[in-house]
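A closer look at the structure
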Amino acid sequence: MATAEHRRPPVGFNLVPPPGWDVIPLETGTREAMDRIVRKAVAQLPVGFPKDDIPKARLKLLQEMKKVVRRASAKGGMTLYLPTEPLHGITLPVSIVASEPIEIPRVTPDRGPEAVLAALASETPGAEMRELDDTAALRSEKEVPADAAQGVEVAHRQVEYFVPVPDSTPDKYLTFSFSALIAPGSDPVFHDTLVELFDAVMSTFRWSYA
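Because the structure is predicted, anything quoted here is derived from the model rather than measured.

What to know about the confidence of the model for the protein
Averaged over all residues, the pLDDT of the protein is 88; the fraction at 70 or higher stands at 94%. Low pLDDT (under 50) marks residues 1-6, which in the prediction has four contacts with non-local residues, meaning those over four places away or in another chain.

Some points on the pairing of strand β3 (residues 77-83)
When you tally the buried positions in β3, you get seven out of seven residues, the bulk of the element. The pairing of strand β2 (residues 21-25) with β3 spans five bridges and is antiparallel. Note on β3: the bridge partner recorded for P25 is T79. Of the strand pairs in this sheet, β3 and strand β4 (residues 94-99) are connected by four bridges, and their pairing is antiparallel.

Considerations on the packing of aromatic side chains
Applying the stated rule across the entire model yields seven aromatic pairs. Geometrically, the ring pair formed by F13 and F176 is edge-to-face, given 5.1 Å between the ring centres and 85° between the ring planes. Here F176 lies in strand β9 (residues 172-181) and F13 lies in strand β1 (residues 12-14), a separation of 163 residues in the sequence. One exposure class covers both F13 and F176, and it is buried. Of the aromatic side chains, those joined through ring pairs into one cluster are F13, F176, F205 and W207.

Rules behind the numbers
- Residues numbered from 1 in each chain as written.
- Predicted model: local features only at pLDDT ≥ 70, side-chain atom pairs only at ≥ 80, totals over all residues.
- Heavy atoms only, no water.
- pLDDT = per-residue confidence, 0-100.
- Contact = heavy atoms within 4.5 Å.
- Buried < 20%, exposed > 50% of the residue type's maximum accessible area, 1.4 Å probe, protein only.
- Helix = DSSP H or I, 4+ residues; strand = E, 2+ residues; numbered from the N terminus.
- Pairing = 2+ DSSP bridges.
- Phe/Tyr/Trp six-rings, centres within 6.5 Å; stacked < 30°, edge-to-face > 60°.

Have a look at this one:
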């Protein structure tokens, strides 16, 4: 039986990113987080890296990070998760964006989030139901081809989790979106592994009530 405490909506959530990842808040403290990441990256430059090239490297990294932040913010993002340390010498071309909660009104009082998820599942190819911290969620996956006209510069694999916020009034939903760039000729197995990594991250999802 649910306790009285858990009949009120959560105030937030917790998500554990993999080692070597950083979190960038997109509402407040964004610039401070980017500066911290850039300082750490500069401190990790290899021994012998030309000192005269450090300002150029710092500026390039900051510019690239601003692009990612702008794209995430334009899609309603509130938190951005990025790998900032190389894994086996490779910086993973991926990101995770947690978006602002959106409100979806009920058609009838007795048809809540479950009906919304079921309707979306019936219309979304490859969608499947999952559970995150005792909450039903909808997972979908697709490949997005490059399309300059649509502002998609590079093809990417996209996975999304659509999660209703328990006991929210009106009903609110969070979206967690994972994107992995697909380089021409890259091994699909590599991208499958990255998707598995995202699913593992989502398994750490927990609601916060304090």
